[in-house]
Amino acid sequence: MKKDDFKKLGFGMMRLPLINPDDPKSIDLEQVKQMADCFLSRGFCYFDTAYPYHEQCSENALRRCVVERYPRERFFVADKMPILRVTSEDDYRRFFAEQLERCGVDYFDVYLLHNLGRDRYVNTQKFGGFHFLQQLKEKGKAHLTGFSFHDDADTLDRILNDHPEVDVVQLQINYLDWDGSVAQSRRCYETAVRHGKKVIVMEPVKGGQLARLSGEADALFHAFYGKRPELPSPSSLAIRYAASLEHVLVVLSGMSSIEQLEDNTGYMQNFIPLNEGEHELAGKIASEIKRTVRVQCTNCRYCMEVCPKDIAIPDYFGLLNLHAVTGQKTNMYYQRFSMNHGKASECIKCGKCEKNCPQHLPIRERLEEFAALYE
């Protein structure tokens, strides 16, 4: 990445403004053009897209709103290989050629394998995904390569041990997930740093959740910033939190309006890392949000030591808590956590887990609840 004064905010093109809110393909191109103009005029240059975004219309929107309107040296483009759709070695070449055409570029500044985890890693190895990335670099078709990742830190460590040649890793990092048991933001970040990789941050505001605080969390935010001349947005705390990490290359924000873009670029134009008080504030807000968790599991994993079905109990409880806090289900994580482990519905209610649990949790009851939600 060589552009002078590279700024740490990236334009994630996955939540673009729509003409019809019920149709992800109906991207409001005129508003996106205004957003791109503002983004570039304020000195930002990093655009992130992917094959499936907006039902395969995001890459075309990038071409029409940026590539066809600005010289190539003005911007960076990051794109991702849809590895879920890959069923042979030839698919890598076919999809990549299609992406170059959709985006209207001759090369990508950053090119990633999309959403790599323990389940998709098997086929990525089988079909030569990392070898394909190396070929792209050798041919000048991708300047930096790596993968985006939603899984645990141990899986990330395994992949980076197997493939030290990658340049970057794109991780979900935000102050709510920093010490979480599902996304494991801190552990994944520290793993990437230990392997010498730069980090691209996705979901810094957790799909918008940290942009809309309520209750005591909102009160904490206003109590801290209330006497400032201009009250910052909750999004600014979340994005600056991620951008303050030393080894972060860029923080992506999926912006849905010109107002969101003006706000984000306003405080990131002359980026100031969080101070100690703001770090404490983020921790307090996270703790307040987490008070709504469903299961007070400490992830000690003693329950799994005695489970005859090898059910990934703490991981499933992490997902149950995530649903309690956010109202969102993450089936992808369940598929990955249950890989090589028993499903929640396979519990035989023997009770061994509860006898071994230091927190004396009603594990069998909560597993039933989880199975009803996810299965």
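The structure this text deals with has already been given above.
About the criteria used
Residues numbered from 1 in each chain as written. Predicted model: local features only at pLDDT ≥ 70, side-chain atom pairs only at ≥ 80, totals over all residues. Heavy atoms only, no water. Helix = DSSP H or I, 4+ residues; strand = E, 2+ residues; numbered from the N terminus. Polar contact = N/O pair within 3.5 Å; in protein donor to acceptor, adjacent residues only side chain to side chain. Contact = heavy atoms within 4.5 Å. Pairing = 2+ DSSP bridges. Axes fitted to C-alpha atoms, helices over the stretch in contact; angles between N-to-C directions. 1 Å grid on protein atoms, 1.4 Å probe; cavity = no way out; pocket = protein on both sides within 12 Å on 5 of 7 lines; lining within 4 Å. Points joined across faces, edges and corners; volume = space filled by probe spheres on them. Nonpolar A, V, L, I, M, F, W, Y, C, P; charged D, E, K, R; others polar. Buried < 20%, exposed > 50% of the residue type's maximum accessible area, 1.4 Å probe, protein only. Arc of directions from axis to C-beta. Core = buried A, V, L, I, M, F, W, Y, C linked by side-chain atoms within 4.5 Å. Parallel < 35°, antiparallel > 145°, perpendicular 65-115°, else oblique. Left-handed = near helix turned anticlockwise from the far one by under 90°. Right-handed = clockwise from strand over helix to strand, strands pointing away. Salt bridge = Lys/Arg side-chain N within 4 Å of Asp/Glu carboxyl O.

**Remarks on the side chain of Glu-59**
Then, in step 1: Following the sequence through the fold, Glu-59 ends up in helix α3 (residues 58–67).
Then, in step 2: Separated by 2.9 Å, the side chains of Glu-59 and Arg-102 make a polar contact.
Then, in step 3: The contact partners of Glu-59, leaving out residues within four places of it in the chain, are Thr-49, Ala-50, Tyr-51, Asp-79, Gln-99, Arg-102 and Cys-103.

**Observations concerning the sheet that holds strand β8 (residues 248–253)**
Then, in step 1: Taken in spatial order, the eight strands close into a barrel running β1-β2-β3-β4-β5-β6-β7-β8, and their pairing is parallel. Each strand axis lies, on average, 30 degrees off the axis of its neighbour in the sheet, ignoring direction.
Then, in step 2: In this sheet, strand β3 (residues 76–81) lies alongside strand β2 (residues 46–48) in parallel orientation, the contact comprising three bridges. By the bridge assignment, Phe-47 is partnered in β3 with Val-77.
Then, in step 3: Against the sheet, helix α8 (residues 185–194) touches β5 (142–149), β6 (168–172), β7 (198–202) and β8, its axis set at about 175 degrees to β6.

**Side note on the layout of surface pockets**
Then, in step 1: By volume, the largest pocket amounts to about 1,100 Å³.
Then, in step 2: Lining of the largest pocket is provided by 47 residues; of these, Met-14, Arg-15, His-150, Glu-203 and Gly-207 occupy positions nearest its centre.
Then, in step 3: Breaking the lining of the largest pocket down by element, the ones donating at least two residues are β4 (108–116), β6, α10 (234–243), β8, α11 (258–268) and α15 (331–337).
Then, in step 4: Tallied by class, residues from the lining of the largest pocket come to 19 nonpolar, 18 polar and 10 charged.

**Digging into α3**
Then, in step 1: Burial analysis of α3 places seven of its 10 residues in the buried class, the great majority of the element.
Then, in step 2: Of all the positions in α3, only Ser-58, Glu-59, Ala-61, Leu-62, Cys-65, Val-66 and Val-67 are classed as buried. Relative to the axis of α3, the buried residues are bounded by an arc of 165 degrees and lie together on one face.

**Section: the nonpolar core**
Then, in step 1: Residues Phe-47, Met-81, Phe-147 and Tyr-175 are the most contacted members of the largest nonpolar core, which totals 88 residues.
Then, in step 2: Broken down by element, the residue count for this core peaks at seven residues, all from helix α1 (residues 29–41).
Then, in step 3: When sequence neighbours within four positions are dropped, the list of residues in contact with Tyr-175 reads Leu-210, Leu-213, Leu-237, Ala-238, Tyr-241, Ala-282, Ile-285 and Ala-286.
Then, in step 4: In terms of nonpolar packing, the next biggest core, distinct from the first, is built from 26 residues, Met-304, Cys-307, Tyr-316 and Leu-361 among them.

**Section: the packing of α10 against helix α12 (residues 276–290)**
Then, in step 1: Contact geometry for α10 and α12: axes closest at 11 Å, N-to-C directions at 115 degrees. Compared by their axis directions, α10 and α12 come out roughly perpendicular. Viewed along their axes, α10 and α12 form a crossing whose handedness is left-handed. In contact with Leu-237, Arg-240 and Tyr-241 of α10, α12 contributes Glu-278, His-279, Leu-281, Ala-282 and Ile-285.
Then, in step 2: Of the residues belonging to the contact of α10 with α12, the class tally is five nonpolar, one polar and two charged.

**Digging into the pairing of strand β1 (residues 9–12)**
Then, in step 1: The side-chain alternation of β1 yields two buried faces, one formed by Leu-9 and Phe-11 and the other by Gly-10 and Gly-12.
Then, in step 2: Relative to β8, β1 runs parallel, the two being bridged by three bridges. The residue bridging Phe-11 from the neighbouring strand is Ser-253, located in β8.
Then, in step 3: One ladder, built from three bridges, connects β1 with β2; its direction is parallel. Each residue of the ladder has a partner; that of Gly-10, found in β2, is Tyr-46.
Then, in step 4: The parallel pair β1 and β2, bridged by α1, forms a crossover whose chirality is right-handed.

**A few points about the pattern of salt bridges**
In a structure, side chains of opposite charge can pair up when their charged atoms sit close to one another.
Then, in step 1: In this structure the tally under the stated criterion is 27 salt bridges.
Then, in step 2: Among the salt bridges present, the one from Glu-354 reaches Arg-364, with a minimum N-O distance of 2.9 Å. Here the residue Glu-354 occupies a position in helix α16 (residues 352–355), and Arg-364 occupies one in helix α17 (residues 363–374), the gap between them amounting to 10 residues.
Then, in step 3: A residue is classified by how much of its surface remains accessible, and Arg-364, at 29% relative accessible area, is partly exposed.
Then, in step 4: What emerges from the salt-bridge pattern is a single network uniting Arg-294, Glu-365, Arg-366 and Glu-369.

**Some words on the pairing of β5**
Then, in step 1: Counting buried positions over the eight residues of β5 gives seven, a clear majority of the element.
Then, in step 2: Of the strand pairs in this sheet, β5 and β6 are connected by four bridges, and their pairing is parallel. Each residue of the ladder has a partner; that of Phe-149, found in β6, is Leu-171.
Then, in step 3: As a crossover connection, the stretch from β5 through helix α7 (residues 153–162) into β6 is right-handed.

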